[in-house]
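Given next are the chains, with one letter for each unit.
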Amino acid sequence: MIIDELKNRLQKQFKRINKWAKKENISCFRVYHKDLPNYPISVDWIDGDIVCWLYKRTRDDNDKKQESYEKSINETILDAFAIKNEKLFLKSRQKQKGLQHQYKKLSKESHTKIVVENGIKFEVNLTDYLDIGLFLDHRKTRAYVQSLSKDKRVLNLFAYTGSFTCYAIAGGALASTTVDLNKNYTDWTKRNVRINEFKQRAADRIITDNVFSFLHLEQSKNRYDLIICDPPTFSNSKKMKKAFSVDDDYKELLKLCINLLAK
């Protein structure tokens, strides 16, 4: 069943944002995020593909209702954007408990593609994880980092796939250090750097390590002019001695970062 109210909203939003995005050299953007109370979903346009995250509704209190709702959302999006089913990727987003679900692998389909944001290229994966490898709501923050990076030594912590690093290098960073615990993501960062054809420099380090371990070791070694620190709310990776909670650990984290800042 096509939901006309939702379809109209999607088409109106897409027409408005797509016109702007083409002028700005942006091929991926958010079209809809819980705009209508009855349809708590997020819809992202990924250069011709659609990724939709469904949030739980209390009214869908059994599997049959949930299945019917998801089917209606699926049909409405396909109709609104005039796309085939293989171009739509539906995912369910729930409140996170324990391990970060967005970092947990969901499949091995590896439906990847290259998108462009402000002239910078990124590899995204539409299938294998809850998130695609690029947080679209950080676009302005990434551009801000780029504007601050010229001739700066930049440190990117909890770096995920290194999008801030790419912006920093594009902004003329003197050197960059990128740290993430997950090797899949540091490898992804390396690919993002490579596809942008940035000049290979020894000054650009990509490190797979626990951020706290790195920060402690770095205290006696290097100093930085700009630090991007975007920690998860919670993480209990087996690679860490203890679970990380931003509520409990932010004081130590900030202290370690401040100690690494150049005067």
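Residues numbered from 1 in each chain as written. Predicted model: local features only at pLDDT ≥ 70, side-chain atom pairs only at ≥ 80, totals over all residues. Heavy atoms only, no water.

(A) Spatial organisation of the overall build of the chain. Helix and strand content of the chain: 7 helices and 12 strands. For the chain, the C-alpha radius of gyration of 20 Å lies close to 18 Å, the compact-globule estimate for 263 residues. Dimensions of the chain along its principal axes, counting C-alpha atoms only, are 60 × 40 × 30 Å. Going through the 263 residues of the chain one by one, you find that 49% of them count as buried. Considering only intrachain contacts with a sequence separation of at least 6, the fraction spanning at least 24 residues in the chain is 60%. Roughly 14600 Å² of accessible area belongs to the chain as shown, and the carbon and sulfur atoms make up 50% of that amount. Positive and negative side-chain charges in the chain, numbering 49 and 34 respectively, have mean positions lying 3 Å apart. (Helix = DSSP H or I, 4+ residues; strand = E, 2+ residues; numbered from the N terminus. Rg over C-alpha atoms; globule rule 2.2 N^0.38 Å. Buried < 20%, exposed > 50% of the residue type's maximum accessible area, 1.4 Å probe, protein only. Contact = heavy atoms within 4.5 Å. Areas by Shrake-Rupley, 256 points an atom, 1.4 Å probe, with all protein chains shown as cover. Lys, Arg positive; Asp, Glu negative; His and termini not counted. Charge placed at Lys NZ, Arg CZ, Asp CG, Glu CD.)

(B) Spatial organisation of unusual backbone geometry. With a phi close to 55 degrees, N118 is a non-glycine residue in the positive phi region. In this structure, N118 sits in the loop between β5 (112-117) and β6 (120-125). Residue N118 is classed as partly exposed on the basis of its relative accessible area, which comes to 30%. Even without glycine at this site, Y160 takes up a positive phi of about 55 degrees. Along the chain, Y160 turns up in the loop between β7 (153-157) and α4 (163-170).

(C) Representation of the packing of helix α3 (residues 139-148) against α4 in the model. Across the interface, α3 lies against α4 with an axial gap of 7 Å and an inter-helix angle of 35 degrees. The handedness of the crossing between α3 and α4 comes out as right-handed. Of the residues in α4, those in contact with T141, R142, A143, V145 and Q146 of α3 are S163, F164, Y167, A168 and A170. Residue composition of the contact of α3 with α4, grouped by class: 6 nonpolar, 3 polar and 1 charged. (Axes fitted to C-alpha atoms, helices over the stretch in contact; angles between N-to-C directions. Left-handed = near helix turned anticlockwise from the far one by under 90°. Nonpolar A, V, L, I, M, F, W, Y, C, P; charged D, E, K, R; others polar.)

(D) The arrangement of the sheet that holds strand β1 (residues 28-33) in detail. Within the open sheet, the 4 strands sit side by side as β1-β2-β3-β4. Their pairing is mixed. The sheet is open, and its two edges are formed by β1 and β4 (88-93), each paired on a single side. Direction aside, the axes of adjacent strands within the sheet are offset by 20 degrees on average. The sheet contact formed by strand β3 (residues 49-55) and β4 spans 6 bridges and is parallel. (Pairing = 2+ DSSP bridges.)

(E) Layout of a nonpolar patch on the surface. Residues Y250, L254, I258 and L261 make up a contiguous nonpolar surface patch of about 380 Å² in total accessible area. Note that I258 resides in helix α7 (residues 246-260). (Patch = residues over 30% accessible without salt bridge, like charges linked within 9 Å, V, L, I, M, F, W, Y side chains within 5 Å. Salt bridge = Lys/Arg side-chain N within 4 Å of Asp/Glu carboxyl O.)

(F) Highlighting the nonpolar core. Of all hydrophobic cores here, the largest spans 26 residues; its most connected members are V43, I73 and F81. Listed by contribution, the elements that provide at least two residues to this core are α1 (4-23), β1, β2 (41-46), β3 and α2 (63-81). A total of 6 residues in this core trace back to one element, the largest contributor, which is α2. Discounting residues that sit within four places of it in the chain, F81 has contacts with L10, F14, V31, V43, W45 and I50. (Core = buried A, V, L, I, M, F, W, Y, C linked by side-chain atoms within 4.5 Å.)

(G) Representation of the pairing of β5 in the model. Residues of β5 alternate between two faces, with K113, V115 and E117 buried on one and T112, I114 and V116 left unburied on the opposite face. Sheet analysis places β5 next to β6, joined by 6 bridges and oriented antiparallel. Counted as the bridge partner of V116 is K121 from β6. With antiparallel pairing between neighbouring strands as the criterion, β5 and β6 make up a hairpin whose turn holds 2 residues, including N118 at a positive phi of roughly 55 degrees.

(H) Representation of the pairing of strand β9 (residues 204-208). Note: strand β8 (residues 175-180) against β9, 5 bridges, orientation parallel. The partner of D180 across the bridge, within β9, is T208. A crossover links β8 with its parallel partner β9, the connecting element being helix α5 (residues 183-195), and its sense is right-handed. (Right-handed = clockwise from strand over helix to strand, strands pointing away.)

In short, the description is geometric, and any link to function would need to be established separately.
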